[in-house]
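# Geometric and topological summary
Below, each chain spelled out in residue letters.
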Amino acid sequence: MARYFDVHPVDPQPRSIQQAVQIIRDGGVVAYPTDSCFALGCALENPEGKARMLRIRQLDDRHHFTLVCRDFTQLAHLVHLDNRVFRAVKAATPGQYTFILPATKEVPRRLMHPKKKTVGVRIPDHPVVNALLAELGEPILSTTLLLPGEEEPMTQGWEIKERLDHEVDAVIDSGECGLEPTTVVDFSDGYPEVVRRGAGDPSLFE
């Protein structure tokens, strides 16, 4: 059964965050809230966790995961940014955007796009995620919690606990969060291309 953590949305309890992060470090998969919608996440160096998330969502291994980062310093270790792209991404973070960018050698090859050698990164604006990332000390490998056959992500932590009780190791609930996944902006060719319209205002990149 999944552990259930009911945390404050603005000032999450440190003990709960520490326990949730220990589950991630121990190889667990967690459901957690973000500034766009609920997500599934695990440690970067956890291929079984990645496989479990694919099974939960019934996706194949071509699915592109996102590396959720604490801050711009962490993000900059994972992707290459020229000055123009740096300014554009910096202006929109933290926020409800995922950026597809060329990966650095810090990113395991199995997490990159096999041909383009790119990776999706984002810096969310949510106190619970910020606390998780600060305690973990590294990015979280993540995907939107959108279940097979559903058109919208799940929004209630208790419902996630009921539905995924035997498929995830923890559910972190801080109240209802949004329905829209992030807006995805592809910078892999050096200019912005909005490939998914979501919670972030796409007009910044059009």
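This is a predicted model, so every value here is computed, not measured.

The next point concerns the pattern of salt bridges. Oppositely charged side chains can form a pair if their charged atoms are brought close together. Under the definition given, this model contains eight salt bridges. Here R122 makes a salt bridge to D35, at a shortest N to O gap of 2.7 Å. In this pair, R122 sits in strand β6 (residues 118–122) while D35 sits in the loop between β2 (30–32) and β3 (39–43), placing the two residues 87 residues apart along the sequence. No difference in accessibility class separates R122 from D35, as the two residues are buried. Notably, a salt bridge pairs R163 with E150, separated by 3.8 Å at the nearest N-O pair. In this pair, R163 sits in helix α6 (residues 157–163) while E150 sits in the loop between β7 (140–144) and α6, placing the two residues 13 residues apart along the sequence.

Another point: helix α1 (residues 14–25). For α1, with twelve residues, the first-to-last C-alpha span of 16 Å sits near the 16 Å given by 1.5 Å per residue. Among the residues of α1, those classed as buried are S16, I17, A20, V21, I23 and I24. Across the axial projection of α1, the buried residues extend over an arc of 150°, all falling on one side. Summarising the geometry of α1, the exposed residues directed more than 90 degrees from the buried face are P14 and R15. Buried residues belonging to α1 abut β1 (3–6), β2, β3, α5 (127–136), β7 and β8 (170–173). G27 sits one or two residues past α1 and shows a positive phi near 100°.

Another point: the pairing of strand β9 (residues 183–186). Neither face of β9 is open: one carries T183 and V185, the other V184 and D186, and all of them are buried. Direction of pairing for strand β5 (residues 97–102) relative to β9: parallel, over a ladder of four bridges. Along β9, the bridge assignment pairs Y97 with T183. Here three bridges tie β9 to strand β10 (residues 193–196), and the two strands are oriented antiparallel to one another. Bridge pairing links D186 to E193 in β10. The turn linking β9 back onto β10 is made up of six residues, and G190 within it adopts a positive phi angle of 95°.

Conventions we followed
Residues numbered from 1 in each chain as written. Predicted model: local features only at pLDDT ≥ 70, side-chain atom pairs only at ≥ 80, totals over all residues. Heavy atoms only, no water. Salt bridge = Lys/Arg side-chain N within 4 Å of Asp/Glu carboxyl O. Helix = DSSP H or I, 4+ residues; strand = E, 2+ residues; numbered from the N terminus. Buried < 20%, exposed > 50% of the residue type's maximum accessible area, 1.4 Å probe, protein only. Expected span 1.5 Å × (residues − 1). Arc of directions from axis to C-beta. Contact = heavy atoms within 4.5 Å. Pairing = 2+ DSSP bridges.

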